[in-house]
Amino acid sequence: MSTLNVSMPEAMRAYVEKQAAEGQYSASEYIRHLIREDQKRQEEQARKLLGDYLVLSAQQLDEDDLSDASVESLLAEGRARREGQSSR
């Protein structure tokens, strides 16, 4: 395992140490836990995005609306729809 030194304000360090103590693990374990949770969240978002693209592609197939569809246009439309939903 490698080491990574992280600088942070004292208040943040106190928070990390408090959370680690409450969870009965070290500060390093707490930071690793946060990173794993972030990795899971990003993987879930990527799966959801892929699902959204598949739904959009299926809709366009059903509507026979693929005459000018490209991967780029599908991705752009999927992103636009996702951004519209996330701003609600």
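Preceding this paragraph is the structure being described.
Now for a look at the structure at hand. Given the structure is predicted, the values throughout are model-derived calculations rather than measurements.

1. Some points on the overall build of the protein chain
Secondary structure assignment for the protein chain yields three helices and zero strands. Counting from the amino terminus, helix and strand elements in the protein chain follow one another as α-α-α. Across the 88 residues in the protein chain, those meeting the buried criterion constitute 10%. Of the contacts made within the protein chain by residues no fewer than 6 positions apart, 23% connect residues no fewer than 24 positions apart.

2. Observations regarding the pattern of salt bridges
In total, this model carries five salt bridges according to the counting rule given. Two residues, Lys 48 and Asp 52, come together in a salt bridge whose shortest N-O distance is 3.2 Å. Taken together, the residues span about one helical turn, with Lys 48 and Asp 52 both in helix α2 (residues 27–62) at a distance of four residues.

3. Thoughts on α2
The terminal C-alpha atoms of α2, which comprises 36 residues, lie 53 Å apart, in line with the 52 Å expected from a rise of 1.5 Å per residue. Three or more residues of α2 are buried, namely Tyr 30, Leu 49, Tyr 53, Leu 56 and Gln 60.

4. Examining the layout of surface pockets
Roughly 560 Å³ of volume is contained in the largest pocket. Every residue lining the largest pocket is counted, 15 residues in all, and those nearest its centre are Leu 4, Val 6, Ala 27, Ser 28 and Ile 31. Residue assignment for the lining of the largest pocket shows that the elements contributing at least two residues are α1 (10–22) and α2. By residue number, the principal contributor to the lining of the largest pocket is α2, which donates five residues. By residue class, the composition of the lining of the largest pocket is eight nonpolar, four polar and three charged.

Thresholds applied
- Residues numbered from 1 in each chain as written.
- Predicted model: local features only at pLDDT ≥ 70, side-chain atom pairs only at ≥ 80, totals over all residues.
- Heavy atoms only, no water.
- Helix = DSSP H or I, 4+ residues; strand = E, 2+ residues; numbered from the N terminus.
- Buried < 20%, exposed > 50% of the residue type's maximum accessible area, 1.4 Å probe, protein only.
- Contact = heavy atoms within 4.5 Å.
- Salt bridge = Lys/Arg side-chain N within 4 Å of Asp/Glu carboxyl O.
- Expected span 1.5 Å × (residues − 1).
- 1 Å grid on protein atoms, 1.4 Å probe; cavity = no way out; pocket = protein on both sides within 12 Å on 5 of 7 lines; lining within 4 Å.
- Points joined across faces, edges and corners; volume = space filled by probe spheres on them.
- Nonpolar A, V, L, I, M, F, W, Y, C, P; charged D, E, K, R; others polar.

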